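Architecture and fold: a report
Listed here are the chains, written in short residue letters.
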Amino acid sequence: MGREENLVTLVRDRLRLHRGTPSRRLAGALADLATTGLLAPGSRLPSERELAQAVGLSRGTVAAAFNVLCEEGLCERRHGSGTYLLGAPTFSGLLQAGAAPADLSTSVVPDPSHLRMPALDPADLLRAPSGHGYDALGDPRLRAMLGGDVLVTGGAQQGIDLAVRVLVRPGDRVLVGDPTYGGALSVLRRAGAHAAAVDLTSPGAVAGAIDRYRPAAVFAMGVENPTGAVPDLRHLPELAREHDVVLVEDRTLAAVVHEGAPPEPLAALHPEGTITVGSLSKVLWGGLRVGWLEAPEPLLARLVEAKLDADLATSAVSQRLAADLLELNPPGPWLAELRRRRDRFAAALAARLPAWSWTLPAGGLSLWVRLPGVDTDRFAELAREHGVAVAPGSLFSPDGRHRDRLRLSFALPPDLLDRAVTALAAAWEPA
């Protein structure tokens, strides 16, 4: 099958996932292919006539779709040559884009300087129950500290990936919030699954989406990323049980709550049908790459098999170091520092950029900020030219929405946050 035929097949498949006018649906389908890397930057799109004939739309509809993509900065028309795809932001690209003087794009613990360090003996770090270090479920001491019957993973991202491998097949639907964690969307796309956006806080909307899509799973978060909201999702376990749907709850941020109590795990209400994803990345340090999964049998056994297929075992050294760090570092001091940084950053943004708006997050490490009248995919490029990296809102939507939003991390040290606000204000002036 040639390139043109491949493209037509992919476009037809994506058209079914978008709503709106035919031109908007086509623009969304092409944008999906660009965002997931199935269309490479610099690719020439088929002519309006060729694409119209191939997908059964009018030439005017294709022209209107190309216009939308050009207006959104995804494509450009070259006189006498055609329409070409420009570079589009991707979630994995946040970690590949290169250093910026102030990086607000990655919602992570910026460094391990807040941690009290244990007295380290390399011989202790290298001791593993098995001797060889390939402990399938993980280090027993760390597992006991994390809740007991868990599977230790290489961070929450691997946990989500393993859950998707076990539950989802190509073409399946998975219900997600909108916005939602971009890393989960990346996993679903790579698996050939379709993320169906729904308001997870609405019992009626969730029930209707389950009836409509017959999803393989529902992906939810105890504390939302990117918004930092702590949603009331107590209806999800009942609906999942009623319709025999597995819940995947990402609790990576569940301990990072600034207002109120941490949310109760959904598994407490639906233990036989929930996979819980956890991580130490937000309370200790992401470089440890230590997370975990908790699930009922036989789901846990299937997750262990998928983990063995993926990498055999999580680093024994990281696990033993993580256990030592957990003993020495209760989350309270770090959370108090995060609240101070959140409040300082929000105050500075309000003073320098009064046109921007947000809701102060109850949890997490980021603000979800609205920029009136600006395409944030383009603004992200402009901000980087001024020395600050930001995450555009389109990365957190299965349909590329929220193009007036930015996710801005407030986890950096205060002096860097101040410099970032100054750079954002400078970038905003010509925007």
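Residue numbers run consecutively from 1 along every chain, following the written order of its sequence. Reporting in this predicted model follows two pLDDT cut-offs: at least 70 for local features of residues, and 80 or more for side-chain atom pairs to be given and counted; totals over whole chains, interfaces and linings ignore these cut-offs and use all residues. To obtain the side-chain values, all non-hydrogen atoms of the structure were included, while hydrogens and water were left out.

**Considerations on the sheet that holds strand β4 (residues 151-153)**
- Strand pairing requires that DSSP identify at least two bridges connecting the strands. Under the DSSP-based scheme used, a helix requires at least four consecutive residues in state H or I and a strand at least two consecutive residues in state E, with every element numbered from the N terminus. Taken together, 7 strands build an open sheet; the order of strands is β4-β10-β9-β8-β7-β5-β6 and the sheet is mixed. Each end of this open sheet is capped by a strand with a single partner; those strands are β4 and β6 (194-197). Strand-to-strand twist in this sheet, taken as the mean axis angle between neighbours without regard to direction, amounts to 25 degrees.
- Both β4 and strand β10 (residues 291-294) contribute to a ladder of 3 bridges, which runs antiparallel. Its bridge partner lying in β10, Val152 is registered against Trp292.
- Here, residues are in contact when the closest pair of their heavy atoms is within 4.5 Å. Angles here are taken between N-to-C directions and fall from 0 to 180 degrees, while the axes themselves are lines fitted to C-alpha atoms, restricted in helices to the stretch in contact. Packed onto the sheet, helix α8 (residues 182-190) meets β5 (173-176), β6 and β7 (217-221) and runs at close to 170 degrees relative to β5.

**Some thoughts on unusual backbone geometry**
- Here the amide bond leading from Asp178 into Pro179 is cis, since omega sits at 10 degrees, within 30 degrees of zero.
- You can see Pro179 is positioned in the loop between β5 and α8.
- Here the residue pair Glu297 and Pro298 is connected by a cis peptide bond, since its omega of 5 degrees sits within 30 degrees of zero.
- Residue position: Pro298 is located in the loop between β10 and α11 (299-311).
- Phi angles above zero are rare outside glycine, and Asp244 is one such case at about 55 degrees.
- Among the secondary structure elements, Asp244 is positioned in the loop between α10 (235-243) and β8 (246-250).
- By relative accessible area, Asp244 is classed as exposed at 73%.
- One non-glycine residue with positive phi stands out, namely Leu312, at about 75 degrees.
- Inspection of the secondary structure assignment puts Leu312 in the loop between α11 and α12 (316-328). Burial classes follow relative accessibility: with a 1.4 Å probe on protein chains only, a residue under 20% of its type's maximum area counts as buried, one over 50% as exposed, and anything between as partly exposed.

**Examining the packing of aromatic side chains**
- Between the rings of Phe, Tyr and Trp (Trp by its six-membered ring), a pair exists once the centres lie within 6.5 Å; its type follows the angle of the planes, with under 30 degrees stacked, over 60 edge-to-face, and the other angles tilted. With the rule as written, the count across this model stands at 4 aromatic pairs.
- Considering the side-chain rings of Trp356 and Phe379, the 5.8 Å spacing of their centres and the 85 degrees angle between planes classify their relative orientation as edge-to-face. Taken together, the residues span a long stretch of sequence, with Trp356 in the loop between α13 (332-352) and β11 (366-370) and Phe379 in helix α14 (residues 376-385) at a distance of 23 residues.
- Of the residues examined, Phe379 reaches a relative accessible area of 2% and is grouped as buried.
- Their ring planes at 70 degrees and their centres at 6.1 Å tell us that Phe379 and Trp428 sit as a pair that is edge-to-face. Placement of Phe379 in helix α14 and of Trp428 in helix α15 (residues 414-428) is noted, with a sequence separation of 49 residues between them.

**Here we look at the side chain of Thr227**
- Here Thr227 shows up in the loop between β7 and α10.
- Within the structure, Thr227 has its side chain in polar contact with the side chain of Glu224 (distance 2.9 Å).
- Excluding residues within four positions of it along the chain, Thr227 makes contact with Pro179, Pro361 and Trp368. Whenever two N or O atoms come within 3.5 Å, that pair is a polar contact, provided that in protein one can donate a hydrogen and the other can accept it, and provided that, for residues adjacent in sequence, both atoms are side-chain atoms.

**Some thoughts on the sheet that holds strand β14 (residues 405-409)**
- Spatial ordering of the open sheet is given by β11-β14-β13, a layout of 3 strands whose pairing is antiparallel. Two strands lie at the open edges of the sheet, namely β11 and β13 (391-392), each paired on one side alone.
- Sheet topology places β11 next to β14; 5 bridges connect them, and they run antiparallel. In the sheet register, Ser366 faces β14, and the bridge partner there is Ser409.

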